[in-house]
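# Overview (structure and organization)
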Amino acid sequence: MSASRRSGTTDELGPDEPERAGPTDEDTEDIEGTVNTEDTESTEGSMDAGGSDLLAALLDGMDAALCAFDADGVVTHWNREAERILGWNAGEAVGRRGFAGWAVRTADAEEVEGRLMAAMHAAGRQVHEFALVTKDGGRILVRTQSAAVRGPDGKPAGLYCAFSEVHAQIDLERSIALSEALFEDASWGVVLVDADLRPAVVNAHAARALGIGRTAVLGRPLGELLAQGVEELESALTHVLAEGAPPAPAEIWVSVRTPEGEKRRCWRSGFLRLASPLAEEPVPLGVGWLFQDITESKQTEQEAAQLRFRVNQLHRAARAAAECEDPGEGATVHLDFALAGFADHALIDRVAGGSLSDGDGPARLVRAAATPSGQPGPSHLTGHAGIPVRYGPGHPALQCAERAGSVRASAGTAPPEAARQWATGRQWPPDTVHSLCTVLRSRGRTLGVVTFLRGANRTPFERADAVYAEDIAVRIAAALDLEALERSAE
C-alpha cells in the first residue's frame, strides 16, 4: 500500500486498479522522508530537553548565585542560590531587563548595569561589589564576578554574573589565608594526618621539629618519624577520628631521631577532626594536629617542682631528726626522708676507727646503716661488729672517701645479666644500675660515705642529684659525729 493510501486518501487509479508489487520511487521517497523527519525531530527534541534539564540541574546545584543576561541586558538564567540570597525566584527574574526597579535601587541602576554590561567587552572576569535589593525590601552587599558569553561568531552574545554575599566571600578568603599562613609562617607545628594516620600535609615548623624535609615526611608511618611516644600519639589521633576534638591540649613526650642521636621533647598538642563540607553526613578526612615544643619550659617547671619537694624533705627530716635522742637514729631519719623520689636504696658506710684525716692511707669502710633490699621500709643500723665491707680496689665508695668528693657510676646499657654481675660485684642489691657516692665530712675529717642506688626504671644520677646528696650528707655527717662524741664522753 502506498503512503497516500496509508494516509487515508484515494489515488487516481481508483479502487479497482490492482496494487503494484512494490512501492514506486515516488512512494519510497515519501516514506523515507516521513520516517526520517519524525526520527530527527524526536531525537533533537529529546536532546534539547535533556540538555536543558542538565543545565538547570547544574545551575541549581551551584554553591554560588548565578544569573545571565543576553546582549540586550535581559535576564536569561537565575539559579536557586540567587533566589536564596535575594528572594526572587526564577519565574520572577527571568525575562526582566536589567536589575532596575526590582533587584537594584533606581538611583543605583544605571551605574550597576553599566559596570555589569561592560564585562561583555572586557577581557577576562570583572570583579565588583554592589548593593542589591532583596524581595522583602532589604539591601545586601554582594561581590560579583562577571564575564562575557560569546556566540559562534566570537562576538559577545551576553554575559554571566556569579555573586555571593560579601561576608561569606570574606570568610572564605580568610579561611584560605589562614590555611596558607599556617602552612608557611606559623610558629608552631601543623600536620594534617589522613585517616590512615599518615602525614598528608606538613608545615615548615613541624618538618624542622621532626628533623626531616616537608616532602620526605608525607605518607610515612609515624613510627618511622619518632623513636618514642608513637603509641600515645596514635592513640590520641584515633580518639579524635572516632570521638572528635578533646576539650584541652595534651602534653605528649616523644623522642625525635636526629643526627646527634635521639632527643627527648615535650609537645603541647591540640587536635581537630577534619570532615568534608561537601558530604551530607560528616565524613572524616583526617586530623589536624597542631603542636608547640615546650620542652624547656616543662623541664624548668619540673626542676622547680623537684627543688621545692627536696627542700621540703630536708626541712621535714631536720625536724624529725631533732626529736631523736640517739644521733645515729637521727642519721637514718635523714636517709629515709632523702629516699622519697630520689633513690631506691641507700647505704651509710663509716670509716673504720672513726674518721680519716686528709693524707691518711686507704680507707676501710664499715656498714653503719642500710635500707631493706627486698621491700620498702625504714633504714636500720648495722655494723655493730665493726667488720669492714669487702669493697674491691677502685670501688666507687673507696674513691669517694679518698677524693673527699662525690662519685657517680652506672652499668649503662649493659644486658640485664651483666648489670646484675656489676651490682653484686660491688656489694650492692642485684637490681642496682646507677649509683651515687657522697662523702660524709665533719670538722675537717672524713667520717664515711653515703651511697644512693637506683634501679633500671630510673634515670642515671645527674649533677643536680649530686648537689642534693651532698646536702643530705652534711646532715648525716653531723649526726654521726655527734654520736661519736657522745660515745667518747661515756
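These lines cover the structure that appears in this document, whether it is placed above or below.

Cut-offs used in this document
Residues numbered from 1 in each chain as written. Predicted model: local features only at pLDDT ≥ 70, side-chain atom pairs only at ≥ 80, totals over all residues. Heavy atoms only, no water. Helix = DSSP H or I, 4+ residues; strand = E, 2+ residues; numbered from the N terminus. Expected span 1.5 Å × (residues − 1). Buried < 20%, exposed > 50% of the residue type's maximum accessible area, 1.4 Å probe, protein only. Patch = residues over 30% accessible without salt bridge, like charges linked within 9 Å, V, L, I, M, F, W, Y side chains within 5 Å. Areas by Shrake-Rupley, 256 points an atom, 1.4 Å probe, with all protein chains shown as cover. Salt bridge = Lys/Arg side-chain N within 4 Å of Asp/Glu carboxyl O. Lys, Arg positive; Asp, Glu negative; His and termini not counted. Charge placed at Lys NZ, Arg CZ, Asp CG, Glu CD. Pairing = 2+ DSSP bridges. Contact = heavy atoms within 4.5 Å. Axes fitted to C-alpha atoms, helices over the stretch in contact; angles between N-to-C directions. Phe/Tyr/Trp six-rings, centres within 6.5 Å; stacked < 30°, edge-to-face > 60°. Core = buried A, V, L, I, M, F, W, Y, C linked by side-chain atoms within 4.5 Å. Parallel < 35°, antiparallel > 145°, perpendicular 65-115°, else oblique. Nonpolar A, V, L, I, M, F, W, Y, C, P; charged D, E, K, R; others polar.

## So, helix α13 (residues 463–489)
With 27 residues, α13 should reach 39 Å at 1.5 Å per residue; the first-to-last C-alpha distance of 39 Å fits that figure. Every buried residue belonging to α13 is among Asp465, Ala466, Tyr468, Ala469, Ile472, Ala473, Ile476, Ala477, Ala479, Leu480, Asp481 and Glu483, and all of these are buried.

## Brief notes about a negative patch on the surface
Taken together, the side chains of Glu325, Asp326, Glu329 and Glu486 define an acidic patch exposed on the protein surface. Among the structural elements, Asp326 can be located in the loop between α9 (295–322) and α10 (327–339).

## Topic: the sheet that holds strand β14 (residues 380–381)
Strands sit in the order β14-β13-β12-β17-β16-β15 across an open sheet of 6 strands; the sheet is antiparallel. Two strands bound the open sheet, and with one partner strand each, they are β14 and β15 (407–410). Across the sheet, α13 touches β12 (345–351), β15, β16 (434–442) and β17 (445–454), and the angle it forms with β16 is around 45°.

## Some details on the packing of aromatic side chains
The final tally for this structure, using the stated rule, is 12 aromatic pairs. Taking 5.6 Å as the distance between ring centres and 75° as the angle between the ring planes, the aromatic pair formed by Phe99 and Trp102 counts as edge-to-face. Three or more aromatic residues joined by ring pairs form one cluster here, namely Phe69, Trp78, Trp88, Phe99, Trp102 and Phe163.

## A few points about the nonpolar core
Judged by nonpolar contacts, the single largest core of 26 residues is most densely connected at Phe342, Ile348, Leu440, Val450, Phe452 and Ile476. At the level of secondary structure, the elements contributing two or more residues to this core comprise α10, β12, β13 (365–370), β16, β17 and α13.

## Re the packing of α9 against α13
It is the contact of α9 with α13, at a shortest axis distance of 11 Å, that shows an interaxial angle of 10°. In terms of orientation, α9 and α13 fall into the roughly parallel class. Contacts between α9 and α13 involve Arg310, Gln313, Leu314 and Ala318 on the former and, on the latter, Ala464, Asp465, Tyr468, Asp471, Ile472 and Arg475. Grouping the amino acids of the contact of α9 with α13 by side-chain chemistry returns 5 nonpolar, 1 polar and 4 charged.

## With respect to the sheet that holds strand β8 (residues 226–228)
Working definition: the strands of a sheet are paired by backbone hydrogen bonds and lie parallel or antiparallel to each other. Taken in spatial order, the 6 strands line up as β7-β6-β11-β10-β9-β8 in an open sheet, and their pairing is antiparallel. Single-partner strands in this sheet number two, and they are β7 (199–202) and β8. Between one strand axis and the next, the sheet turns by 40° as a mean value, whatever way the strands run. Sheet analysis places strand β9 (residues 250–258) next to strand β10 (residues 261–275), joined by 9 bridges and oriented antiparallel. By the bridge assignment, Ala250 is partnered in β10 with Ser269. Helix α8 (residues 230–243) rests against β6 (189–193), β8, β9, β10 and β11 (284–293) of the sheet, and its axis sits at about 5° to β10.

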